[in-house]
Amino acid sequence: MIDWSQVRALSFDCYGTLIDWERGILEALAPWVSRFGTAKVLAGFGAVEPDLEHAHPSWPYRQVVAEVHRQMARELGLPVDDDAATSFAETVSQWPPFPDTVPALRRLKSRFQLFILSNVDEASITGSLKQLEVPFDGVFTAEQIGSYKPNPRNFDFLLAQLSARGIEPHQVIHIAQSLYHDHGPAQAAGLKTVWIDRTSGRPGAARLPKPLPHFNLRFETLTDLAARVVTTH
């Protein structure tokens, strides 16, 4: 369990947790969705994206997403269109927040310092932060770190940044939707974690690791998390 009275900071995954990346993907690839269906498009994205991040840790996320588009096109039997791939990558900054994200962040900000640790590039996160509205105390991106989660380097970087601010590992909770990208390496780094199960077990764009990693608490929404924290205090 989590002793919330000891917690000073919350670190968040961004895309899939705060930002509704599946909605953003589906809206940007609407012609593919109408032809092949939601499940196939999301599964196609999830099958390619993590492997590209692992193979090319120095690529900015927009470059990763553009290559995802090309590889998905090949898998779907469609012609590769570099302009369309670039346009798709440029939509990342426009992917919308979940409806509960901003109100929940406002409540949580009243009690905790808030941080983001995200597999994204600097240009894309800038657009997303405008949509999130609530100011964060630190935003750490894959482009800044030089690797993508689940690489342990990303959580080492997070902990170093928090330590420089006087925040120890037992004083921070990492909050994320992705069991693959976040919970395993966060727990290995000594952090307690909260799983925001946005898909409620439905297959989507996020890869599922086997076996499933440990997590300390599970909520389906950030609203539920914020309510628990308020109740706890």
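Residues numbered from 1 in each chain as written. Predicted model: local features only at pLDDT ≥ 70, side-chain atom pairs only at ≥ 80, totals over all residues. Heavy atoms only, no water.

**Q** Whenever I open this one, the pairing of strand β4 (residues 172-176) confuses me. Can you help?
**A** Each regular strand displays side chains that alternate between the two surfaces of the sheet. Taken across its five residues, β4 has five buried, putting it largely inside the fold. Going residue by residue along β4, you find V172, H174 and A176 tucked away on one face and I173 and I175 tucked away on the opposite face as well. Inspection of the sheet shows strand β1 (residues 9-12) paired to β4 by four bridges, in the parallel sense. If you follow F12 over to β4, its bridge partner there is I175. With four bridges joining them, β4 and strand β5 (residues 192-196) adopt parallel strand pairing. Each residue of the ladder has a partner; that of I173, found in β5, is K192. (Buried < 20%, exposed > 50% of the residue type's maximum accessible area, 1.4 Å probe, protein only. Helix = DSSP H or I, 4+ residues; strand = E, 2+ residues; numbered from the N terminus. Pairing = 2+ DSSP bridges.)

**Q** What is the right way to read the sheet that holds strand β3 (residues 138-141) from this model?
**A** Adjacent strands of a sheet pair through backbone hydrogen bonds, lying either parallel or antiparallel. Overall, parallel pairing links the six strands, which are arranged β3-β2-β1-β4-β5-β6 in an open sheet. Unpaired on one side and paired on the other, β3 and β6 (217-219) mark the two borders of the sheet. Averaged over neighbouring strand pairs, the angle between their axes works out to 20° when direction is ignored. One ladder, built from four bridges, connects β1 with strand β2 (residues 113-118); its direction is parallel. In the sheet register, L10 faces β2, and the bridge partner there is L114. Of the strands in this sheet, β1, β2, β3 and β4 touch helix α9 (residues 152-164), which is tilted by about 155° from β2. Contacts from helix α10 (residues 179-188) reach β4 and β5, with the element oriented near 160° to β5. (Axes fitted to C-alpha atoms, helices over the stretch in contact; angles between N-to-C directions. Contact = heavy atoms within 4.5 Å.)

**Q** Can you help me understand the nonpolar core in this one?
**A** Generally speaking, a soluble globular protein has its nonpolar side chains buried in company with each other. Membership of the largest hydrophobic core comes to 58 residues, with the highest contact counts inside it found for W4, L10, F12, Y61, V194 and L225. Looking at which element gives the most residues to this core, the answer is helix α4 (residues 61-75), with seven residues. Within the second largest apolar cluster, 13 residues are counted, among which are F115, F140, I167 and V172. (Core = buried A, V, L, I, M, F, W, Y, C linked by side-chain atoms within 4.5 Å.)

**Q** I tried to follow helix α7 (residues 122-132) on my own but got confused; where do I start?
**A** A turn of α-helix holds 3.6 residues, and therefore any two residues three or four places apart point the same way. Of the positions making up α7, those classed as buried are S124, I125, G127, S128 and L132. Across the axial projection of α7, the buried residues extend over an arc of 160°, all falling on one side. In this structure, the buried residues of α7 make contact with α4, α6 (101-109), β2 and β3. Put simply, D121 is the residue that caps the front of α7, since its side-chain oxygen is 3.2 Å from the backbone nitrogen of A123. Within two residues after α7, E133 carries a phi angle of roughly 70°, on the positive side. (Arc of directions from axis to C-beta. Polar contact = N/O pair within 3.5 Å; in protein donor to acceptor, adjacent residues only side chain to side chain.)

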